[in-house]
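Breakdown of the fold
Chain residues, written in single-letter form:
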Amino acid sequence: MIELQSISRLYRSDEIETTALHGVSLSIRRGEFAAVMGPSGCGKSTLLNILGAVDRPTSGQYLFEGEDLAKRGEGALAQHRARHLGFIFQSFNLVDDLTIAENIELGLIYRKGRSGSRRTLVEAAMDRVGIGHRARHFPHQLSGGQQQRAAIARAIVGDPDLILADEPTGNLDTENGAQVMDILKGLNAAGATIVMVTHSPSHADQASRRIDMLDGRLVASVAQAL
Ligand code: ADP
Ligand code: ADP
C-alpha cells in the first residue's frame, strides 16, 4: 500500500538542525496492523505524518499504491487524505463547541452528498464505536474513553482504508484503552490498514507487526502472530 524509500526529514529552526528521520525504508502492506514503538523524540510522529501525507520528506521517495505523491499539489494531497486516511490522536482533538455528531461529520468535510446520507453515515460510525446515544452531547459531557471513541468515529466515518493512530490509548485508563484496542482490531479485521504509535507493550503485542525506532531509524520490524 505504501512504500517509503530512504526517507529523511530534517527540521531547521534558527540555527538548530534536527534530523527526525534518517534514511527510513518501510513497506506498509494492505490489511496489516503495525505498532510503532520507541522512546520520545525518536521520530514516531514524524513517520506517521509522512505516512499520512501531512508532511513531506526532505529526501527519499513516498509511494502510495505505486504513485509518487511528491508530484501532487496541496489540494490534491488534501483530497488524497480525505479519501484514504483517518487520523486518531492521543488528545482526541474534538472541537469543544460542536456536538459529538457535528464533530464526527467533520470527517466528511470533503465529501459531497446529501445531508440525509451524511447523517446516516455519522449514525453508523457512532453505533460502531458504541456512542450512538451521545449525538447531541458536547465533548466535555463525555468521559475520556467516550471522547476517544467519538474521535475514532470521526476518523472512520468516511470509510478510510488507512488509519493512523498516534498514541490513541495514551490518555486512557486500562479499561478504556482496551476498548479502543478492541475497536481498532475490529476495524482491521474489517479490512482497514492501521499504523499505531504506542508506548504500551501489551497494546503493541496485539498488532500484526511491531516496528521499533531509535534516533530516527527503524531498528526492528517483526511480524507477530495474532
Ligand atoms: P516522537 O513522536 O518519537 O516523540 P517526533 O517525530 O515528534 O518524535 O520528533 C522527532 C525529532 O524531531 C525530535 O527531536 C523533535 O524534537 C524534532 N521535531 C519534531 N517536530 C519538529 C518541528 N516541527 N520543528 C523542529 N523539530 C521538530
Ligand atoms: P459509558 O456510558 O460508556 O459507560 P462512562 O462510564 O465512562 O461511559 O461514563 C458514565 C457517565 O458519566 C456518562 O454519561 C458520561 O457522559 C459521564 N461522564 C464521565 N466523565 C465525565 C466528565 N468528565 N464530565 C462530564 N460527564 C462525564
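Residues numbered from 1 in each chain as written. Chains lettered and ligands numbered in written order. Predicted model: local features only at pLDDT ≥ 70, side-chain atom pairs only at ≥ 80, totals over all residues. Heavy atoms only, no water.

Where an unreviewed UniProt entry is consulted, the protein chain appears under the name ABC transport system ATP-binding protein, with the organism given as Caulobacter rhizosphaerae.

Quick notes on the site of ligand 2
Convention followed: The near set for a molecule or strand comprises every residue that places at least one heavy atom within 4 Å of it. Accessible areas in this description were obtained via Shrake-Rupley with a 1.4 Å probe; residue shielding takes into account the shown protein chains only. Residues are sorted three ways: Asp, Glu, Lys and Arg are charged, Ala, Val, Leu, Ile, Met, Phe, Trp, Tyr, Cys and Pro are nonpolar, and all the rest, Gly among them, are polar.
For ligand 2, the full set of nearby residues is R134, H140, Q141, L142, S143, Q146 and R149. A total of 550 Å² of accessible area belongs to ligand 2 in isolation, and the protein chains cover 39% of it. Grouping the amino acids of the shell around ligand 2 by side-chain chemistry returns one nonpolar, four polar and two charged.

Describing helix α2 (residues 74-84)
Residue pairs three or four apart in sequence face the same way in an α-helix, which turns once every 3.6 residues. Put simply, the rule is: The buried label applies to any residue whose accessible area, calculated with a 1.4 Å probe on protein chains only, is under 20% of its type's maximum; exposed applies above 50%, and partly exposed to all values in between. Helix numbering and strand numbering both begin at the N terminus, where a helix is a DSSP run of H or I of at least 4 residues and a strand a DSSP run of E of at least 2. Think of the arc as the fan of directions from the helix axis to the C-beta atoms. Here, residues are in contact when the closest pair of their heavy atoms is within 4.5 Å.
For α2, the complete set of buried residues consists of L77, A78, H80 and H84. Seen end-on, α2 carries its buried residues on one side only, within an arc spanning 155°. Of the exposed residues in α2, the ones pointing more than 90 degrees away from its buried face are G75 and R83. Among the structural elements, β4 (59-64), β6 (85-88) and β7 (162-166) are those in contact with the buried residues of α2.

Concerning the UniProt feature "domain: ABC transporter" (unreviewed entry) in the protein chain
Selection criterion: UniProt positions are given in the numbering used here, feature names are shortened, and annotations may be inferred rather than shown by experiment.
Mapped onto this structure's residue numbering, the UniProt feature "domain: ABC transporter" (unreviewed entry) falls at residues 2-226. The annotated region residues 2-226 carries 32% helix and 29% strand content, and the separation between its end C-alpha atoms amounts to 22 Å.

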